Amino acid sequence: MYRRSHSLKMRFSTAFLLAFGVATSSPAVRAQANYQPSSANLEARRWFEAAKFGLFIHWGAYSVLGDGEWVMNNRRITVEEYEKLPAFFNPTEFAPAEWVALAKAAGMKYITITSKHHDGFAMFATKQSDWNIVDRTPYRKDVLKMLADECHRQGIKLFFYHSQLDWHNPNYYPRGRTGRETGRPESGDWTQYLDYMDGQLRELLTNYGEIGGIWFDGMWDKPEADWRLATTYKLIHDLQPQTLIGSNHHHAPFPGEDFQMFEKDLPGQNTAGFNQTAVISNQLPLETCETMNNSWGFNIADSHYKSTRQLIQYLVRAAGYDANFLLNVGPMPNGKIQPEFVTRLREMGEWLARYGESVYGTRGGPLTPRSWGVTTQRGNKVYVHILDWQDSSLALPALPGKVKSAHFLKDGSHAEIADTAGGLVLQIPPSARDDFDTVAVLELGER
Ligand code: GLC
């Protein structure tokens, strides 16, 4: 019944990895085998767990076509054709101060932006090749540098999403499952590709100030390849020991990774078909990412927006699962974030301004998530988040401590709660209800 800290979560074991089809002898799993996180890294993990809410940004040359970040692969655009695209990417309306201010108004504590997506196009001033925003677009500016400076100025952490998969670089060879119709020569030097990637990562961790994390994606394209993770992870941790490494490989975390992520699913769930893993008990922070409509990169025809209510409830559920919520926007090619996203972010921020104490700095609460909602916890306070419950009372199992006092977060009004041998019964008067999340705060004492 109880979630006893992390003890019920699965152990990071060889048997576990084998069960999910990862050969334990493979270089990927060995990764940064003897990695000992620095104290700065451990501190960054604690910060990350408390932060709870981040802004994901998918932005690149693909945004021009308004058809998502997979457009090159999906429309079978060759490298030669795709190379015409950056000439049309001129985000003259890009105002990094506004983006950062919007993230802060939404109650977000960090931003994770695409430094390079699968199209290989670097959104920063890389010297590793001229396939980048400065050399190929009329805009000619390093948008990551502009954003990094603004993040540091406004006190929000910056993470880089970096695609290991590359549909443009000829040395991404042998090819993986995707990007096979780009017209590249059927030859290439994989080691040179990895050197190129490490070169770009060195730049990202050297020229942009303090970096909160590197969010890798794309290993799933070539699961059998030697990704040389030991070298890459060591490079990152040597350059900036506090930088948190995570990878969207959809497996249990490999040694050297500092957090575990779930794509479009709450931890341990697999509704999207990506996540074959349970939560791993090596005490790593958790993060789940989701789109605001159904697209990561700007998609002009996608108006399947989730409601503010759905988004707030997702954030709260994630917190109940002990995970952060990384919520995506795909800015437009002119550099603006579309109004449908802005409205929702501001509304989430308004809710968090009132209810934030039940989310920030909490951990998953003493009860595992329920169909009616979740619990979060900080010290001796348990926050009962009632997300979906019609009736005027709610029965809960007994908690680890006796309920000393109870109130509703909405208005501070006293909450009636009967602490019986069989468990707790909480009364929910209509006046205490909140459209998004009715939060009861229970203060626990000794049993
Ligand atoms: C997937 C997609 C990618 C997206 C990512 C975000 O891996 O390939 O386009 O960036 O998920 O979670």
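### Details of the overall build of the protein chain
- Summing up its helical and strand segments, the protein chain has 12 helices and 16 strands in all.
- Here the protein chain has a C-alpha radius of gyration of 23 Å; the compact-globule value for 447 residues is 22 Å, and the two agree.
- Buried residues in the protein chain amount to 58% of all 447 residues.
- Considering only contacts in the protein chain between residues 6 or more positions apart, those separated by 24 or more positions represent 72%.
- Within the structure as shown, the protein chain displays about 17500 Å² of accessible surface, and the carbon and sulfur contribution to it stands at 51%.
- The average position of the 46 basic charges and that of the 50 acidic charges among the side chains of the protein chain differ by 4 Å.

### Details of the sheet that holds strand E14 (residues 417-420)
- A sheet is described by the order of its strands in space; here three strands give the open sequence E12-E15-E14, paired in antiparallel fashion. Among the strands making up the open sheet, the edge pair consists of strand E12 (393-396) and E14. Between one strand and the next, the sheet's axes are offset by a mean angle of 15 degrees, whatever the strand orientation.
- One ladder, built from four bridges, connects E12 with strand E15 (residues 423-427); its direction is antiparallel. Looking at the pairing, Leu394 lines up with Leu426 of E15.

### Digging into the packing of helix H6 (residues 96-105) against helix H8 (residues 143-154)
- Where H6 meets H8, the closest approach of the two axes is 9 Å, and the angle between their N-to-C directions is 45 degrees. One finds that H6 runs oblique with respect to H8. Pair H6 / H8 crosses with right-handed handedness. Of the residues in H8, those in contact with Pro96, Ala97, Trp99, Val100, Ala101 and Lys104 of H6 are Met146, Leu147, Glu150, Cys151 and Gln154.
- In terms of residue class, the contact of H6 with H8 is made up of eight nonpolar, one polar and two charged.

### Digging into the domain arrangement of the protein chain
- When cut into domains, the protein chain gives domain 1 (14-363) and domain 2 (365-444).
- Relative placement of domain 1 and domain 2: their C-alpha centres are 35 Å apart.
- Listed as interface residues are 18 residues of domain 1 and, on the opposing side, 21 residues of domain 2.
- Each partner contributes to the roughly 1700 Å² buried at the junction of domain 1 and domain 2, and carbon and sulfur atoms together form 55% of this total.
- Contact with domain 2 buries area across many residues of domain 1, yet Arg317, Tyr355 and Glu357 alone supply 31% of it, more than any other trio.
- Linking domain 1 with domain 2 are zero salt bridges, by the criterion used here.
- Counting every contact that joins domain 1 to domain 2 gives 12 residue pairs in polar contact (both at pLDDT 80 or more).
- When residues of the side of domain 1 that touches domain 2 are assigned to their parent elements, the largest contribution, eight residues, is made by helix H11 (residues 308-320).
- A breakdown of the residues in the side of domain 1 that touches domain 2 according to their chemical character gives seven nonpolar, six polar and five charged.

### Overview of the sheet that holds strand E9 (residues 363-364)
- The strand order E9-E10-E11-E16-E13 describes an open sheet built from five strands, whose pairing is antiparallel. At either end of the open sheet lies a strand with only one pairing partner, and these are E9 and strand E13 (402-408).
- Pairing between E9 and strand E10 (residues 373-378): two bridges, direction antiparallel. Across the sheet, the residue bridging to Gly364 is Thr376, located in E10.
- Running at roughly 60 degrees to E10, H11 makes contact with E9, E10 and strand E11 (381-386) of the sheet.

### Things to note about the packing of H11 against helix H12 (residues 339-355)
- Across the interface, H11 lies against H12 with an axial gap of 10 Å and an inter-helix angle of 50 degrees. When the interaxial angle is binned, H11 and H12 end up oblique. Along this stretch, H11 crosses H12, giving a crossing that reads as right-handed. Between H11 and H12, the contacting residues are Thr308, Leu311, Ile312, Leu315 and Val316 on the first element and Arg344, Glu347, Met348, Trp351 and Leu352 on the second.
- Partitioning the contact of H11 with H12 into residue classes produces seven nonpolar, one polar and two charged.

Reading the values: the criteria
- Residues numbered from 1 in each chain as written.
- Predicted model: local features only at pLDDT ≥ 70, side-chain atom pairs only at ≥ 80, totals over all residues.
- Heavy atoms only, no water.
- Helix = DSSP H or I, 4+ residues; strand = E, 2+ residues; numbered from the N terminus.
- Rg over C-alpha atoms; globule rule 2.2 N^0.38 Å.
- Buried < 20%, exposed > 50% of the residue type's maximum accessible area, 1.4 Å probe, protein only.
- Contact = heavy atoms within 4.5 Å.
- Areas by Shrake-Rupley, 256 points an atom, 1.4 Å probe, with all protein chains shown as cover.
- Lys, Arg positive; Asp, Glu negative; His and termini not counted.
- Charge placed at Lys NZ, Arg CZ, Asp CG, Glu CD.
- Pairing = 2+ DSSP bridges.
- Axes fitted to C-alpha atoms, helices over the stretch in contact; angles between N-to-C directions.
- Parallel < 35°, antiparallel > 145°, perpendicular 65-115°, else oblique.
- Left-handed = near helix turned anticlockwise from the far one by under 90°.
- Nonpolar A, V, L, I, M, F, W, Y, C, P; charged D, E, K, R; others polar.
- Domains from an automatic or database assignment.
- Buried area = accessible area lost by both parts, 1.4 Å probe.
- Salt bridge = Lys/Arg side-chain N within 4 Å of Asp/Glu carboxyl O.
- Polar contact = N/O pair within 3.5 Å; in protein donor to acceptor, adjacent residues only side chain to side chain.

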